[in-house]
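# A structural walkthrough
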Amino acid sequence: AAGRIPLLVGGTMLYFKALLEGLSPLPSADAAIRAQIESEARQHGWNTLHAQLAELDPVAAARIHPNDPQRLSRALEVFRISGKTLTELTQSKGDPLPYKVLQFAIAPSERAELHRRIAERFRLMLSQGFEQEVRTLHERGDLHPDLPSIRCVGYRQMWDYLDGVVGYDEMVERGIAATRQLAKRQLTWLRGWPDLQWLDTDNKEVCRDVMTQVSQAHNERQQ
């Protein structure tokens, strides 16, 4: 309304997808059903639950990895609550965003450079106190590795180190490898993203190029 252009920045692409396309009418979380699923996972393993999902919803099972318990649990939870599969429910959307959106993704053009930066970033986190951050959480006593927050990339590997499961060097290697796997999944998702414009991290004129496109789009809107 003030004539200013919003700039939305982030790495969680599901949030942007929901913003652009609207939210699907999924049921709210049910703590009792979620606890039941986690109990079954502890007893039988997540691979068994993934096989169960494959029978109910092959499309979702093909998309969700057996080692992704958070999304796997949610897919099963949705079916047990609603009697409908996640794939079926996500076919209907809410109201899409009624505005023109310029969409950009930025990454190094060379995969080797991306991997170098990921390793540099993880070691920088360590030098800035990441171990102490997780150690403080570890010592609280009310957290455990099955929680979604502790399963996050980096936290999971540091938690294993603090539990004595792996040594320090292996923790670093695993943390970097897990971050690379996450980046690979993000890039795969983005390659199928419609109307996306790629930017090269090493292009010194990248800000100028973006502002040129924004100005052109703004001028077209004014005409």
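Our structure's up above, just so we're on the same page.
Tracing the sequence through the fold places L102 in the loop between α6 (86-90) and β1 (103-107). Along the chain, L102 and L7 lie 95 residues apart, while their C-alpha atoms are 9.7 Å from each other. For L102, the contacting residues outside a window of four places in its chain are Q197, Q213, V214 and A217.

With that out of the way, let us pick up the pairing of β1. Side-chain alternation along β1 places Q103, A105 and A107 on a buried face and F104 and I106 on a face that remains uncovered. Relative to strand β2 (residues 196-200), β1 runs parallel, the two sharing 5 bridges. Bridging from a neighbouring strand, I106 pairs with L199 of β2.

Counting residues in hydrophobic clusters, the biggest one holds 18 residues, and the most contacted among them are F122, L126, V134, M158, M171, V172 and I176. Counting residues per element, the ones that place at least two in this core are α7 (111-127), α8 (130-138), α9 (155-162) and α10 (168-191). Not counting residues up to four positions away in its chain, the partners in contact with I176 are I118, A119, F122 and R123. Residues I33, I37, L49 and I64 belong to the second largest nonpolar core, which totals 14 residues.

Here we come to the side chain of S24. Considering the arrangement of structural elements, one finds S24 in the loop between α1 (13-21) and α2 (31-44). If near-sequence neighbours (up to four positions away) are discounted, S24 is found in contact with L89, T90, S92 and K93.

Turning our eyes to something else, we now look at the side chain of E77. As for its position among the elements, E77 is in helix α5 (residues 69-82). Polar contacts involving the side chain of E77 include one to the side chain of R34, which spans 2.7 Å.

The next point concerns the packing of aromatic side chains. In this structure the tally under the stated criterion is 4 aromatic pairs. Centroid distance F130 to Y155: 5.3 Å. Interplanar angle 85 degrees. Geometry classified as edge-to-face. In this pair, F130 is assigned in helix α8 and Y155 in helix α9, connecting sequence segments 25 residues apart. Under the relative-accessibility criterion, Y155 is labelled partly exposed at 23%.

Compared with the 24 Å implied by 1.5 Å per residue over 17 residues, the 25 Å span of α7 between its first and last C-alpha is a close match. Listed as buried for α7 are E113, L114, I118, A119, F122 and L126. Elements in contact with the buried residues of α7: α8, α9 and α10. Positioned one or two residues after α7, G129 has a phi angle of 100 degrees, which is positive.

Taken together, L14, Y15 and W189 make up a surface patch of nonpolar side chains, about 370 Å² in accessible area. Residue placement: W189 occurs in helix α10. Using a relative accessible area of 37% as the deciding quantity, one classes W189 as partly exposed.

The rules behind these values
- Residues numbered from 1 in each chain as written.
- Predicted model: local features only at pLDDT ≥ 70, side-chain atom pairs only at ≥ 80, totals over all residues.
- Heavy atoms only, no water.
- Helix = DSSP H or I, 4+ residues; strand = E, 2+ residues; numbered from the N terminus.
- Contact = heavy atoms within 4.5 Å.
- Buried < 20%, exposed > 50% of the residue type's maximum accessible area, 1.4 Å probe, protein only.
- Pairing = 2+ DSSP bridges.
- Core = buried A, V, L, I, M, F, W, Y, C linked by side-chain atoms within 4.5 Å.
- Polar contact = N/O pair within 3.5 Å; in protein donor to acceptor, adjacent residues only side chain to side chain.
- Phe/Tyr/Trp six-rings, centres within 6.5 Å; stacked < 30°, edge-to-face > 60°.
- Expected span 1.5 Å × (residues − 1).
- Patch = residues over 30% accessible without salt bridge, like charges linked within 9 Å, V, L, I, M, F, W, Y side chains within 5 Å.
- Areas by Shrake-Rupley, 256 points an atom, 1.4 Å probe, with all protein chains shown as cover.
- Salt bridge = Lys/Arg side-chain N within 4 Å of Asp/Glu carboxyl O.

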